[in-house]
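Okay, here's what each chain looks like letter by letter:
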Amino acid sequence: MSRFADTIAALATPTGVAALAVIRVSGPDTRRIAGAIGLAAEPRRVRRVDYRAVGGKLLDETLVTFFAGPRSYTGEDALEISAHGNPFIAQRILEDLLARGCRAAEPGEFTQRAFLNGKMDLSQAEAVMDLIHARSERALAAAHQQLRGALGRRMAALIDALLGVLARVEAYIDFPEEDLPPEDRRALAAEIARIAAETGQLLATSHYGELLREGIKTVIVGAPNVGKSSLLNRLVGRDRALVSAEPGTTRDFIEERIMVGPHCLRIIDTAGLNASPAPLEKLGMEKTRERLDEADLLLVMVDATRPEALPAELLARMASPTSLTIFNKSDLAPAGAAAGRQFPPELETVAVSALTGAGISELVARITARADGLQPVSGDEVIAINARHAHALQEAKAGLQRALAKLNEPATTPDELLASDLRSALAALGEITGKIDNERMLDQLFASFCIGK
Ligand code: GDP
């Protein structure tokens, strides 16, 4: 049933005082241990157990569930022990489990066993991590889809198609007196180009994957004193940025992760862009320009009472679908009245008052719409690959392109070389779901998990 000889145990909840602490056990000794602590090993039934240590001392009143492999998270016999959330209790129970023959689990070892026992592919194991760390509703939705095999299915289809191509090429290698006929070469080239294009489509979701995992880089920019810090504080809901009536106080960057609708934004407040800066401000402005170039979303802020204070270089950026123009201080001046002369009428703007909160909910709705626009369209399911997937897909794409180049050469290259390019592309695609056995890569990957997962 399981390929592992030892039984592992770990605390699955954070250490510290809490309502509950959950301890996990998995491995071949589980059933024996369950019996020893007085649990009739009836699968998937929660049982109350007075947990007694080896010497008979009562450690806690616990609730214990036994899972019979393979119908468990790891695919092995497993226990979940819910104790009272006192770190001393959890520690005593863990020590007792070690005394009974368990080994303390390494980080990610439960999920590693689930993968190695065939309960999930590698992309699903990574989705477990994404699910735990998701910072927003959108990130959760993507992790759920990956956990349910969305990426795995796309990879399986690509691998099948590539295997088909490889089989046809290898059929000719088996008959050295024959070369691939031209019409076959054309058909194969078309199929490889299709696979390469789909690989490219998946690759294109990599940036969105980063946005989901890290948050959308949102830069607030505008002339000094337009109210950037005040808006940041409004959005964050507490006094994080230094608000001052003196222009140019925000010289450094303040970064804050906040939820806006279903999105997680990494809000970056910048030093203001000033048309005639004081020497001390110049450095900050240089950094501001760098941040502008990296931004996924740009919030350009204008003081509705002094719209002329807007530096010219910002105007060019404001028409982009990933930027939003905000007229602040609507409590003092009707937005647009003064602005009409300077800005093109088709420019989408939002009037807010960072001071009173007026217009903030409208602003949140507009930001949400723009953030939604960052999601690449790729089939019905949300695919958002991670850096490891991107690396593998790039390798696969390179192999496919080398194969294509060989097929398109008029002087025929040996079919063996073509097959070798296709095989390297296949191996790279296989890494995403872990269909190849690469122990070093696996150890590295699971070591980034937390203990008890
Ligand atoms: P920053 O330099 O762009 O970060 O601007 P601050 O957030 O420090 O604000 C500059 C000044 O404008 C402060 O005195 C704020 O209280 C004021 N302020 C900011 N937003 C508003 C607003 O919506 N209405 C009014 N009346 N004052 C505001």
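Overview of the structure. Quick caveat: nothing in here was measured; it's all calculated off a predicted structure.

The next subject is the packing of aromatic side chains. For the structure shown, the criterion picks out zero aromatic pairs. Taking the ring centre of Tyr73 as reference, the NZ or CZ of Arg24 above it sits at 4.7 Å.

In this structure, Asp296 sits in the loop between helix H10 (279-294) and strand S10 (297-303). Side chain to side chain, Asp296 and His207 meet in a polar contact 2.8 Å long. Residues in contact with Asp296, not counting those within four places in the same chain, are His207, Leu211, Ile216, Lys217, Thr322 and Leu374.

What follows is about the sheet that holds strand S5 (residues 78-84). Strand order in the open sheet made by the six strands is S3-S4-S5-S2-S1-S6, with mixed pairing throughout. Across the chains shown, the open sheet's two edge strands, defined by having one partner strand only, are strand S3 (46-52) and strand S6 (103-104). In this structure, strand S2 (residues 20-26) lies alongside S5, joined through seven bridges in antiparallel fashion. Looking across to S5, one finds that Leu20 is bridged to His84. Against the sheet, helix H2 (residues 87-99) makes contact with strand S1 (8-11), S2, S3, strand S4 (58-67), S5 and S6, and its axis sits at roughly 65° relative to S4, the strand it touches most. Its contacts with the sheet put helix H3 (residues 109-116) on S1, S2 and S6, and the angle it makes with S1 is roughly 135°.

This part takes up the packing of helix H4 (residues 122-133) against helix H5 (residues 137-147). Contact geometry of H4 with H5 gives a least axis separation of 8 Å together with a crossing angle of 155°. Relative to H5, H4 is oriented roughly antiparallel. The handedness of the crossing between H4 and H5 is left-handed. From H4, Ser123, Gln124, Glu126, Ala127, Val128, Asp130 and Leu131 reach across to H5, where they touch Leu140, Ala143, His144, Gln146 and Leu147. Partitioning the contact of H4 with H5 into residue classes produces six nonpolar, four polar and two charged.

Bringing unusual backbone geometry into the picture now. Working note: non-glycine residues mostly have negative phi, and peptide bonds are mostly trans. The omega torsion of the bond from Gly69 to Pro70 falls at 5°, within 30 degrees of zero and hence cis. With respect to the helices and strands, the residue Pro70 is situated in the loop between S4 and S5. Residue Lys329 is not a glycine yet carries a positive backbone phi of 65°. By the secondary structure assignment, Lys329 is in the loop between strand S11 (323-328) and strand S12 (349-351).

Of all the residues in helix H8 (residues 206-214), the buried ones are Tyr208, Gly209, Leu211 and Leu212. Projected down its long axis, H8 carries its buried residues within an arc of 160°, all on one side. As for H8, its buried residues are in contact with H5 and strand S7 (216-222). Once H8 finishes, Gly215 follows within two positions and takes phi at roughly 105°, a positive value.

Here we come to the pattern of salt bridges. Inspection of the entire model under this criterion finds 26 salt bridges. The residue Arg113 makes a salt bridge to Glu76 at a minimum N-O spacing of 3.1 Å. Of this pair, Arg113 sits in helix H3 while Glu76 sits in the loop between S4 and S5, placing them 37 residues apart in sequence. In this pair, the class of Arg113 matches that of Glu76, namely buried. One network of salt bridges, in which partners are shared, links Asp6, Glu76, Arg103, Glu109 and Arg113.

Cut-offs and rules
Residues numbered from 1 in each chain as written. Predicted model: local features only at pLDDT ≥ 70, side-chain atom pairs only at ≥ 80, totals over all residues. Heavy atoms only, no water. Phe/Tyr/Trp six-rings, centres within 6.5 Å; stacked < 30°, edge-to-face > 60°. Lys NZ or Arg CZ within 6 Å of the ring centre and 35° of its normal. Helix = DSSP H or I, 4+ residues; strand = E, 2+ residues; numbered from the N terminus. Polar contact = N/O pair within 3.5 Å; in protein donor to acceptor, adjacent residues only side chain to side chain. Contact = heavy atoms within 4.5 Å. Pairing = 2+ DSSP bridges. Axes fitted to C-alpha atoms, helices over the stretch in contact; angles between N-to-C directions. Parallel < 35°, antiparallel > 145°, perpendicular 65-115°, else oblique. Left-handed = near helix turned anticlockwise from the far one by under 90°. Nonpolar A, V, L, I, M, F, W, Y, C, P; charged D, E, K, R; others polar. Buried < 20%, exposed > 50% of the residue type's maximum accessible area, 1.4 Å probe, protein only. Arc of directions from axis to C-beta. Salt bridge = Lys/Arg side-chain N within 4 Å of Asp/Glu carboxyl O.

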